[in-house]
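# Notes for the structure review
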Amino acid sequence: MASASRSSAAGALGPAPVRLSLAVDGMTCASCVGRVERALKAVPGVQAAAVNLATERADITFKGAADPRAAIRAIEVAGYSVREDSTELVIEDMTCASCVGRVEKALKQVPGVLDATVNLATERARVKHLVGAVAVADLAQAVEKAGYRARGVSAATTSAADQDSERREHEAQSLRRSLLIAAILTLPVFVLEMGSHLVPAMHHWVMGVLGVQTSWYLQFVLATLVLFGPGLRFFSKGIPALLRGAPDMNSLVAVGTSAAYGYSIVATFAAGILPQGTANVYFEAAVVIVTLILLGRTLEARAKGRTSQAIKRLVGLQARTARVERNGEIVEIALDEVKTGDIVLVRPGEKIPVDGEVVEGASYVDESMITGEPVPVSKGVGAPVVGGTLNKTGAFSFRVTQVGGNTVLARIIRLVEEAQGSKLPIQALVDKVTMWFVPAVMAAATLTFLVWLFFGPTPALTFALVNAVAVLIIACPCAMGLATPTSIMVGTGRAAELGVLFRKGEALQALRDVTVVALDKTGTLTKGRPELTDLVPAAGFEYDEVLALVAAVETRSEHPIAEAIVAAAKQCDLAVGPIEHFDATPGFGVSAKVAGRTVAVGADRFMTQLGLDVTSFKTVAQQLGEQGKSPLYAAIDGRLAAVIAVADPIKETTPEAIDALHALGLKVAMITGDNAATAAAIARQLGIDEVVAEVLPDGKVQALKKLRSGGARIAFVGDGINDAPALAEADVGLAIGTGTDVAIEAADVVLMSGDLRGVPNAIALSQATIRNIKQNLFWAFAYNAVLIPVAAGALYPLNGALLSPIFAAAAMALSSVFVLGNALRLKRLQAPLSTEVAH
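Because the structure is predicted, anything quoted here is derived from the model rather than measured.

## Notes on the overall build of the protein chain
The secondary structure content of the protein chain amounts to 30 helices and 31 strands. Expressed as a percentage of the 839 residues in the protein chain, the buried residues total 53%. Pairs at least 24 residues apart make up 68% of the contacts formed inside the protein chain by residues separated by at least 6 positions. Total accessible area on the protein chain stands at roughly 36000 Å², and carbon and sulfur atoms take up 58% of it.

## Digging into the UniProt feature "transmembrane region" (unreviewed entry) in the protein chain
Here, UniProt's "transmembrane region" (unreviewed entry) annotation points to residues 178–199, 205–228, 249–273, 279–296, 433–455, 461–484, 777–796 and 802–824. Secondary structure content for residues 249–273 is 84% helix and 0% strand, and the end C-alpha separation is 32 Å. Helix makes up 85% of residues 777–796 and strand 0%, with an end-to-end C-alpha separation of 28 Å.

## Describing the confidence of the model for the protein chain
Mean pLDDT for the protein chain: 80, with 85% of residues reaching 70 or above. Throughout residues 1–13 the model reports pLDDT below 50, and contacts reaching past four residues in sequence, or to other chains, amount to 31 contacts. Long-range and interchain partners of residues 155–159, a stretch whose pLDDT sits below 50, account for six contacts in this model, where long-range means more than four residues apart.

## Details of the packing of helix α7 (residues 212–227) against helix α9 (residues 249–269)
Direction vectors running N to C along α7 and α9 enclose 150°, while the axes themselves pass 10 Å from each other. Considered as vectors, α7 and α9 are oriented roughly antiparallel to each other. Crossing hand, α7 versus α9: left-handed. Touching Gln213, Trp216, Tyr217, Phe220, Ala223, Thr224 and Leu227 of α7 are Thr257, Tyr261, Ile265, Ala267, Thr268 and Phe269, all from α9. Classifying every residue of the contact of α7 with α9 gives nine nonpolar, four polar and no charged.

## What to know about the packing of aromatic side chains
Aromatic ring pairs are reported here in terms of the distance separating the ring centres and the angle at which the planes meet. The full count for this structure, using the stated rule, is 13 aromatic pairs. Aromatic pair Tyr217 and Phe269: ring centres 5.6 Å apart, planes at 25°, arrangement stacked. One end of the pair, Tyr217, is in helix α7; the other, Phe269, is in helix α9, and 52 residues separate them in sequence. With centroids separated by 6.0 Å and ring planes inclined at 65°, the aromatic side chains of Tyr261 and Phe283 adopt a geometry described as edge-to-face. Separated by 22 residues along the polypeptide, Tyr261 in helix α9 and Phe283 in helix α10 (residues 283–307) bring together distant segments of the chain. Judged by relative accessible area, Phe283 falls into the buried class, the value being 0%.

## Overview of the pairing of strand β27 (residues 667–671)
Taken across its five residues, β27 has four buried, putting it largely inside the fold. Sheet analysis places strand β20 (residues 516–520) next to β27, joined by five bridges and oriented parallel. Each residue of the ladder has a partner; that of Ala518, found in β27, is Ala669.

## Things to note about unusual backbone geometry
The amide bond that connects Thr458 to the next residue, Pro459, takes the cis arrangement and shows omega of -5°. Locating Pro459 in the fold gives a position in the loop between α14 (427–455) and α15 (460–474). Notably, Asp573 is not glycine yet its phi reads approximately 55°, a positive angle. With respect to the helices and strands, Asp573 occurs in the loop between α20 (560–571) and β22 (579–585). Classification of Asp573 by relative accessible area gives exposed; the value is 70%. Backbone geometry places Ala595, a non-glycine residue, at a positive phi of 50°. Under the relative-accessibility criterion, Ala595 is labelled exposed at 70%.

## Focus: the pattern of salt bridges
Taken as a whole and assessed by the stated rule, the structure comprises 21 salt bridges. Note that Lys700 is salt-bridged to Asp520, the shortest N-O span being 3.0 Å. Residue Lys700 is found in helix α25 (residues 699–708), and its partner Asp520 is found in strand β20; the two are separated by 180 residues along the sequence. When its relative accessible area of 4% is taken as the criterion, Lys700 is described as buried. For Asp520, a relative accessible area of 4% corresponds to the buried category.

## Quick notes on the sheet that holds strand β14 (residues 363–366)
Sheet strands pair via backbone hydrogen bonds, and the direction of the pair is either parallel or antiparallel. In spatial order, the strands read β15-β14-β17; together these three strands make up an open sheet with antiparallel pairing. The open sheet has two edge strands, β15 (377–379) and β17 (390–391), and neither has a second partner. Bridge count between β14 and β15: three bridges; the pairing is antiparallel. Each bridged residue has a counterpart across the sheet, and for Val365 the counterpart in β15 is Val377.

## Remarks on the side chain of Asn772
Of note, Asn772 is situated in helix α28 (residues 758–792). Apart from residues no more than four positions distant in its own chain, Asn772 is found in contact with Ser487, Asn822, Ala823, Arg825 and Leu826.

## What about the sheet that holds strand β25 (residues 631–636)?
One open sheet accounts for six strands, arranged β21-β26-β25-β24-β23-β22; its pairing is antiparallel. Across the chains shown, the open sheet's two edge strands, defined by having one partner strand only, are β21 (531–537) and β22. Each adjacent strand pair in this sheet contributes to an overall mean axis angle of 20°, direction not counted. As paired elements, β21 and strand β26 (residues 639–647) share six bridges and run antiparallel to each other.

## Focus on the environment of Ile770
Examined against the element boundaries, Ile770 turns out to sit in helix α28. Sequence separation between Ile770 and Ile488 is 282 residues; the distance between their C-alpha atoms is 8.5 Å.

## What to know about the environment of Arg176
Relative to the assigned elements, Arg176 resides in helix α5 (residues 157–198). Residue class for Arg176 comes out partly exposed when judged on its relative accessible area of 42%. Setting aside residues no more than four positions away along its own chain, Arg176 makes contact with Glu169 and Thr298.

## Here we look at a nonpolar patch on the surface
A contiguous nonpolar patch, built from Leu447, Leu450, Val451, Phe454 and Phe455 and spanning about 570 Å² of accessible area, is present on the exposed surface. Topologically, Phe454 is positioned in helix α14. Phe454 gets classed as exposed once you look at its relative accessible area, which sits at 62%.

## What to know about the side chain of Ser591
By secondary structure assignment, the location of Ser591 is in strand β23 (residues 589–594). In this structure Ser591 touches Val553, His581, Phe582, Asp583, Val599 and Ala600, once residues within four positions along its chain are discounted.

## Section: helix α1 (residues 30–41)
Look at α1: 17 Å from first C-alpha to last across 12 residues, which is about the 16 Å you get at 1.5 Å a residue. For α1, the elements touching its buried residues are β3 (46–52), β4 (57–62) and α2 (68–77).

## With respect to the packing of α9 against α15
At a minimum axis distance of 8 Å, the contact between α9 and α15 shows a crossing angle of 160°. For the element pair α9 / α15, the angle class is roughly antiparallel. Note that α9 runs across α15; the crossing there is left-handed. Note on element contacts: α15 touches α9 through Leu461, Thr462, Leu465, Val469, Leu472 and Ile473, opposite Leu252, Val253, Val255, Gly256, Ala259, Ala260 and Tyr263. Looking at the contact of α9 with α15, its residues break down into 11 nonpolar, two polar and no charged.

## Focus on the pairing of strand β24 (residues 597–602)
Side-chain positions along a regular strand alternate between the two faces of the sheet. The pairing of β23 with β24 spans six bridges and is antiparallel. Bridging from a neighbouring strand, Lys593 pairs with Thr598 of β24. Counted between consecutive antiparallel strands, the loop separating β23 from β24 contains two residues, among which Ala595 sits at a positive phi close to 50°. Pairing between β24 and β25: four bridges, direction antiparallel. Note on β25: the bridge partner recorded for Val599 is Ile636.

## Some points on α7
In an α-helix, one turn spans 3.6 residues, which is why side chains three or four residues apart end up on the same side. When the terminal C-alpha atoms of α7 are compared, their 22 Å separation across 16 residues agrees well with the 22 Å that a helix rising 1.5 Å per residue should span. Within α7, burial applies to Ser215, Trp216, Gln219, Leu222, Ala223, Val226 and Leu227. Take α7 and look down its axis: the buried residues cluster within an arc of 135°, on one side only.

Calculation rules
Residues numbered from 1 in each chain as written. Predicted model: local features only at pLDDT ≥ 70, side-chain atom pairs only at ≥ 80, totals over all residues. Heavy atoms only, no water. Helix = DSSP H or I, 4+ residues; strand = E, 2+ residues; numbered from the N terminus. Buried < 20%, exposed > 50% of the residue type's maximum accessible area, 1.4 Å probe, protein only. Contact = heavy atoms within 4.5 Å. Areas by Shrake-Rupley, 256 points an atom, 1.4 Å probe, with all protein chains shown as cover. UniProt positions renumbered as here; feature names shortened; annotations may be inferred. pLDDT = per-residue confidence, 0-100. Axes fitted to C-alpha atoms, helices over the stretch in contact; angles between N-to-C directions. Parallel < 35°, antiparallel > 145°, perpendicular 65-115°, else oblique. Left-handed = near helix turned anticlockwise from the far one by under 90°. Nonpolar A, V, L, I, M, F, W, Y, C, P; charged D, E, K, R; others polar. Phe/Tyr/Trp six-rings, centres within 6.5 Å; stacked < 30°, edge-to-face > 60°. Pairing = 2+ DSSP bridges. Salt bridge = Lys/Arg side-chain N within 4 Å of Asp/Glu carboxyl O. Patch = residues over 30% accessible without salt bridge, like charges linked within 9 Å, V, L, I, M, F, W, Y side chains within 5 Å. Expected span 1.5 Å × (residues − 1). Arc of directions from axis to C-beta.

This is how it looks when you write it as structure tokens:
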């Protein structure tokens, strides 16, 4: 499709030309080819450009380095588009925020890559590139050159999740094993050295039984086993990173422990070359640092596993097998063998394996794990069913409509993974800081060493070494790298449990800043379908009698009002008799004979035409009008029989949701194509602050722009189908629906339950997540800002206090664990309005 290549030999007079091939959409004729070629040749640095209409490809030769972005811009300005794709990678061996920056930089330098974002918490990279320009092998090679390992993510959701889970569990086991070995070997070193300083009896025993030199030899052996056993991981990754000029957290640990270990070796085996009084050993500092950092990593791995539990739970909803009808027999097969069109049988208490449509039987299905709705949903012939939901009572069979990655559950999992792997704007500052943070820390440690060496008290070399190592160890940027992504992971996972899907992680931050929530009326505030809301019979007539006769007449009409009346009669199990002499008067009403009785239904003017007086229903009609309903009248055998109202009723949960939005301090507006009187009546009923009525779908965008005047930030809530332009125009678009393709593609946030209560819940989740991120970032930055000077010895002139490298290592480990623990608090977040059920 598209490819990028570099000429094999560089010319003697300049850099080798680079060729780039782009897949171009929208070309229809030779003039299109000419336009694209002219546009590309005008791009600075382009030596030649050839466009092929048949292959829809543009082959571009650059004089030096390729600039794909400039070429794409030129093609788009000319009125065409370039096909793009995205690839996801699992990145291994990242330990801190500076690793993230280096991996991103390496990926962005691959020809054909347009953008790359890396997430430390999920250990994933999402690479946006030109179609076919880059293979996974090219991306993996670039990552490996940067000092890390990468592999492509499997297309199968379940297997990808299983692979990740297995890899993380293997890593956690390796860390636990290393920690145990390190702790066993470290304990004697710590007891021998620190015990001698703190416990007089231990000091006498060491001096009298072992002797100082023997004690140091023993510490040397144990420390060597720790550093080049469990601690080897820091050297194998940190030293190469240092040699590449891209030091990371492992480099800090490797340099710090090497300094303590190396100095101790000199003191043990060649004390004569050290200044008088400086021959001390720091084996215990080196081994305790390694052990504590392994402890921190082990706790991190455990907490990281908990942050991804939402994905594990969603994957766990998938059934493993399905009972399918094949050749007249019922066979149980693996889920990946189910095909579209198969007939699947589901028994009471079983999970529904894939998406489909009921063809036989009926039941109630618990869809709470998908939508957050606690009440089981009735399913009959023709009803859609969703894979992963739980059949409660009856047995039924359904025809498969979607399998594999196309099922609703698979799409939900994909959305949650994408949201968890995204970067918020707030992360940009962190990325900028952490790229230079580790080199800055190494410079600070060097400066600390030199200041103490030349200006410190005796023994200056000892003070210089200890304080420089403390600076190196305490300044690890792990907490900075984990602060944002862990909160996003836990926050979006908790949202998924509540039936709120953040299609884009950025919406998490944008939603917090919203000041106005604009709502579509039909299908959002209301049920989206007309229902019989009122039927008030006149004296001498019964409710069921009138409804049965009116419904019989309306069976001949295709008007939505007629359908609502017929549906109401069926719901009441009323027999609808045959009719004759049906007559429709446009703009007035309809009439017919039903079982020998004359029935007429229509507006007040129709009743007047029939010579009937409707003033007896004046009060009722006025009340209906105030509620935004248009009254109809029924006449039976020449007598006024009833006043009827059909309307799109407000959802039962809507008033509660509007109140919750007001409680959050938000202004609520309604944008609708309905007439002004009806819209105003609904707004009064619900307490809506502003109404924009009689608006066509394309006019909703203008209405949003008007609402935005004065700097307001707008969230628009619609059904995701006819509201697509408005959903795109709003700062945040929220689609209310049941996860249809259109709803998912149109919005930034999808409310799976179709319940408006999801809107205040989504906003509350956004506010809580951003608040959590800020707490984490404050802790991570404040921790380093305060403790690096302390580690360097800033307090020594005031009170003689110095920070031991051992305490520095403990504080560093606690910093990351604190950030992860704070993020995990979001798992317990209670939504303002409960729409879920415990399961």
